[in-house]
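# Breakdown of the fold
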Amino acid sequence: MTLVDTSVWIATFRRRAPLDLERWVPFDEIVTCLPVVQEVLQGFRDEAAYLRAAEAMFALPIVESPLGEGVV
């Protein structure tokens, strides 16, 4: 299980020279969390691109909380 950071998703979804995320992590090992989804989606200006990204992100398993109470 790999929780992919917002900055990596931004690099993956950019129009020019997108990051090939599957080169680094098998897609079936990727999970996300709602704060990451929100951070990624708020950066889209184009509605069609937003909808594609939202569909892709919500297709991933969503973990409840990436941080334990000890981090606070």
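Residues numbered from 1 in each chain as written. Predicted model: local features only at pLDDT ≥ 70, side-chain atom pairs only at ≥ 80, totals over all residues. Heavy atoms only, no water.

### Details of the nonpolar core
Worth spelling out the cut-off: We call a set of buried Ala, Val, Leu, Ile, Met, Phe, Trp, Tyr and Cys residues a nonpolar core when their side-chain atoms join them within 4.5 Å. With a 1.4 Å probe rolled over the protein chains alone, any residue whose accessible area is under 20% of its type maximum counts as buried; one over 50% counts as exposed, and the rest are partly exposed. Secondary structure elements are taken from DSSP: a helix is a run of H or I of four residues or more, a strand is a run of E of two residues or more, and numbering for both begins at the N terminus. Contact criterion: two residues are considered in contact whenever any of their non-hydrogen atoms come within 4.5 Å of each other.
Of all hydrophobic cores here, the largest spans 14 residues; its most connected members are Trp9, Ile30, Val36 and Met57. Listed by contribution, the elements that provide at least two residues to this core are helix 2 (34–41) and helix 3 (47–58). The dominant element in this core, judged by the number of residues it contributes, is helix 2, at four residues. Ignoring any residue separated from it by four or fewer positions in sequence, one finds Trp9 in contact with Val4, Leu21, Ile30, Thr32, Val36, Val40, Met57 and Leu60.

### A look at a negative patch on the surface
Worth spelling out the cut-off: Surface patches are drawn from residues lacking salt bridges whose relative accessible area is over 30%; two like charges belong together within 9 Å, two nonpolar side chains (Val, Leu, Ile, Met, Phe, Trp, Tyr) within 5 Å. Accessible surface is estimated by sampling points in the Shrake-Rupley manner with a 1.4 Å probe; for residues, cover comes only from the protein chains shown. The working definition used for a salt bridge is a side-chain nitrogen of Lys or Arg within 4 Å of a carboxyl oxygen of Asp or Glu. For the purpose of counting charges, residues Lys and Arg are taken to be positive, whereas Asp and Glu are taken to be negative. His and the chain ends are not included. For the purpose of locating charges, the reference atoms are NZ of Lys, CZ of Arg, CG of Asp and CD of Glu.
A surface patch of like charges, here negative, comprises Asp20, Glu22, Asp28 and Glu29. Tracing the chain through its elements places Asp28 in the loop between helix 1 (6–13) and strand 2 (30–31).

### Focus on a nonpolar patch on the surface
There is a patch of nonpolar side chains on the surface, built from Leu34, Phe58 and Ile62 and spanning about 300 Å² of accessible area. Tracing the sequence through the fold places Leu34 in helix 2.

### As for the side chain of Thr32
With respect to the element layout, Thr32 can be found in the loop between strand 2 and helix 2. Residue Thr32 is classed as buried on the basis of its relative accessible area of 0%. Thr32 has contacts with Leu3, Trp9, Val37, Met57, Leu60, Pro61, Ile62 and Val63, leaving out every residue within four places of it along the chain.

### Brief notes about helix 3
Condition: Take the number of residues in a helix, subtract one, and multiply by 1.5 Å to get its expected span. For the purposes of these results, a polar contact is taken to be a pair of N or O atoms within 3.5 Å, where, inside protein, one atom must be able to donate a hydrogen and its partner to accept one; residues adjacent in sequence count only when each atom of the pair is a side-chain atom.
End to end, helix 3 covers 16 Å across 12 residues, agreeing with the expected 16 Å (1.5 Å per residue, within 8%). Lining the buried residues of helix 3 we find helix 1 and helix 2. Where helix 3 begins, the side chain of Asp46 points an oxygen toward the backbone nitrogen of Ala48, at a separation of 3.4 Å.

### Section: the packing of aromatic side chains
In this description, a pair of aromatic rings is defined by centroid distance and the angle of the planes. Rules: By convention, a stacked pair of Phe, Tyr or Trp rings (six-membered ring in the case of Trp) has centres within 6.5 Å and planes under 30 degrees apart, an edge-to-face pair has planes over 60 apart, and any other such pair is tilted.
Taken as a whole and assessed by the stated rule, the structure comprises two aromatic pairs. The interplanar angle of 20° and the centroid separation of 5.7 Å between the aromatic rings of Trp9 and Phe13 together place this pair among those described as stacked. Pair noted here: Trp9 and Phe13 are both in helix 1, with a separation of four residues, about one helical turn. Owing to a relative accessible area of 26%, Phe13 belongs among the partly exposed residues under this scheme. With centroids separated by 5.8 Å and ring planes inclined at 70°, the aromatic side chains of Phe13 and Phe44 adopt a geometry described as edge-to-face.

That is the geometry; function is a separate question.
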